[in-house]
Each structure stands twice: as C-alpha cells, then as structure tokens.
Amino acid sequence: MTHSYLSPTGVEIAFVLIGLVTVGSALLVVTVQNLVHAALWLVVCLGSIAGEYLLLGAELIAWVQILIYVGAVVVLILFGLVLTKATIAPTTELDVKHRLPAALVAAGAVGVLVTVLVDAYRNVWIDPHAAIAQGSASANGAALFKYWVLPFETLSVLLLAALVGAIVISRRDKLAAATPQGTEADD
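In short, a report on the structure. (Residues numbered from 1 in each chain as written. Predicted model: local features only at pLDDT ≥ 70, side-chain atom pairs only at ≥ 80, totals over all residues. Heavy atoms only, no water.)

1. Things to note about the overall build of the protein chain
Across its full length, the protein chain carries six helices and zero strands. Going from N to C terminus, the protein chain has its helices and strands arranged as α-α-α-α-α-α. Within the protein chain, buried positions represent 14% of all 187 residues. Working note: accessible area of the protein chain is about 14,100 Å², and carbon and sulfur atoms make up 73% of it. (Helix = DSSP H or I, 4+ residues; strand = E, 2+ residues; numbered from the N terminus. Buried < 20%, exposed > 50% of the residue type's maximum accessible area, 1.4 Å probe, protein only. Areas by Shrake-Rupley, 256 points an atom, 1.4 Å probe, with all protein chains shown as cover.)

Structure follows, in structure tokens:
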C-alpha cells in the first residue's frame, strides 16, 4: 500500500488535531498572565502529548506522561505556588516588555526548526505500527536503565530540591511573623 500526504488516514488527522491542541495550549502556557491558569494550560498541553503517544502506539510512555508530568509535576508547581505565596493574580511584573523582538526571535527559531525537519524527513514515511516494539515496556525499561539512569536520577533530585526549597521559604516567613518585634529569637 502506498502512502500519500494527500490521503491521510483517521489516525493521521487525529494526530494533527491533537498536535494543534498541544501547540495552542503551549502558547497559552507562556502568554497567560495568571500563574494558576498557566499551570492548568500546562495540564492540557501535557495531556495532549500523552494522546499523541497513544496514537503512536506507545501506551506505557503515555501513562508515564500522565502520571509523572500531568500528575506530579503540575501538582508540584501548584504546591510551590501555594507554599511560596506567589502572586497568582495577573501582574505587570511578569509581563514581557519586549514582545515584538521576542516574537521575531521565536518566529525565526520556528522557521529554522521547520526547515531542518522538512529537509531531514522529506522522503521518509514513518509507520507507527512498525515502531510499537520501540515503545514497549521492555524496550523502554532497557533504555532507561542502560542509557538514561543519570538524567533520571538527576531530575528526581532536582524536583526534591525544589520541594524542600519551597518548604524552607514558606517556613521562614512563618518564623519571622512569630518573632515579636524588638526581641531576638533564641537560636
């Protein structure tokens, strides 16, 4: 069976539509001024990436995406917002002052990336059903524990340090508020 870009299948159409949701929600993550709304758009973005993994036949990676990224990382971000008492309302401090140069640099980066990808994969047809063996639990486990152990452990330490840092920052404010003015706290 010959494939053509002019006669897409239902899976390919769903892949493009979910990809558009991913790109749209990713743009909203970085453009919305409310941090809680940005975290919620991040949930949509990461969830749609999990949908893309399902369409590619990598169910294990899709569930890991949902459990770790959507579940743990977004909850950690929201937990950090609550503990640090960060301003969650729209603020002008977080607004980008140079939107036009930033948009031009982003458009240039997207143009270069699209050009490189189109040039690299112009005559290549990827069959998702042939790639299922690479997305299986045994293949992913072997790759994780053979090649990606150090980055995996580094990421877990980084997330733990962020959580401990948020707790320390929130406790410091409580200790400062509990100390009466004019007296020093005993060490």
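This is not the end of the story, as more comes after the structure.
2. Focus on the side chain of Glu-52
Mapped onto the elements of the fold, Glu-52 is located in helix H2 (residues 35–55). The buried category is assigned to Glu-52, whose relative accessible area is 11%. Contact partners of Glu-52, with chain neighbours within four places excluded, come to Phe-15, Ile-18 and Gly-19. (Contact = heavy atoms within 4.5 Å.)

3. Quick word on the side chain of Thr-22
Turning to its location among the elements, Thr-22 is positioned in helix H1 (residues 10–31). Taking relative accessible area as the criterion, Thr-22 reaches 13% and is therefore assigned buried. Ignoring any residue separated from it by four or fewer positions in sequence, one finds Thr-22 in contact with Cys-45, Ser-48 and Ile-49.

4. Comments concerning the packing of H1 against H2
Where H1 contacts H2, the axes come no closer than 8 Å and their chain directions differ by 160°. Classified by the angle their axes make, H1 and H2 are roughly antiparallel. Crossing hand, H1 versus H2: left-handed. From H1, Val-11, Ala-14, Phe-15, Ile-18, Gly-19, Val-21, Thr-22, Ser-25, Ala-26, Leu-28 and Val-29 reach across to H2, where they touch Ala-38, Trp-41, Leu-42, Val-44, Cys-45, Ser-48, Ile-49, Glu-52 and Leu-55. (Axes fitted to C-alpha atoms, helices over the stretch in contact; angles between N-to-C directions. Parallel < 35°, antiparallel > 145°, perpendicular 65-115°, else oblique. Left-handed = near helix turned anticlockwise from the far one by under 90°.)

5. Structural notes on the packing of H2 against helix H3 (residues 59–83)
Across the interface, H2 lies against H3 with an axial gap of 8 Å and an inter-helix angle of 175°. The pairing of H2 with H3 is recorded here as roughly antiparallel in orientation. Residues Leu-35, Val-36, Ala-39, Leu-42, Val-43, Leu-46, Gly-47, Ile-49, Ala-50, Tyr-53 and Leu-54 of H2 form the contact with H3, whose participating residues are Glu-59, Ile-61, Ala-62, Gln-65, Ile-66, Tyr-69, Val-70, Val-74, Ile-77, Leu-78 and Leu-81. Looking at the contact of H2 with H3, its residues break down into 19 nonpolar, two polar and one charged. (Nonpolar A, V, L, I, M, F, W, Y, C, P; charged D, E, K, R; others polar.)

6. Quick notes on a nonpolar patch on the surface
Together, Leu-60, Trp-63, Val-64, Ile-66, Leu-67, Ile-68, Tyr-69, Leu-155, Leu-158 and Leu-159 give the surface a local cluster of nonpolar side chains, amounting to about 880 Å² of exposed area. Looking at the nonpolar patch, the elements that each hand over two or more residues are H3 and helix H6 (149–178). Ranked by residue count, the leading element in the nonpolar patch is H3, at seven residues. Topologically, Leu-155 is positioned in helix H6. (Patch = residues over 30% accessible without salt bridge, like charges linked within 9 Å, V, L, I, M, F, W, Y side chains within 5 Å. Salt bridge = Lys/Arg side-chain N within 4 Å of Asp/Glu carboxyl O.)

7. A word on the environment of Glu-59
Structurally, the position occupied by Glu-59 is in helix H3. A relative accessible area of 43% places Glu-59 in the partly exposed class. Counting along the chain gives 77 residues from Glu-59 to Ser-136, while the straight-line C-alpha distance between them is 7.8 Å.

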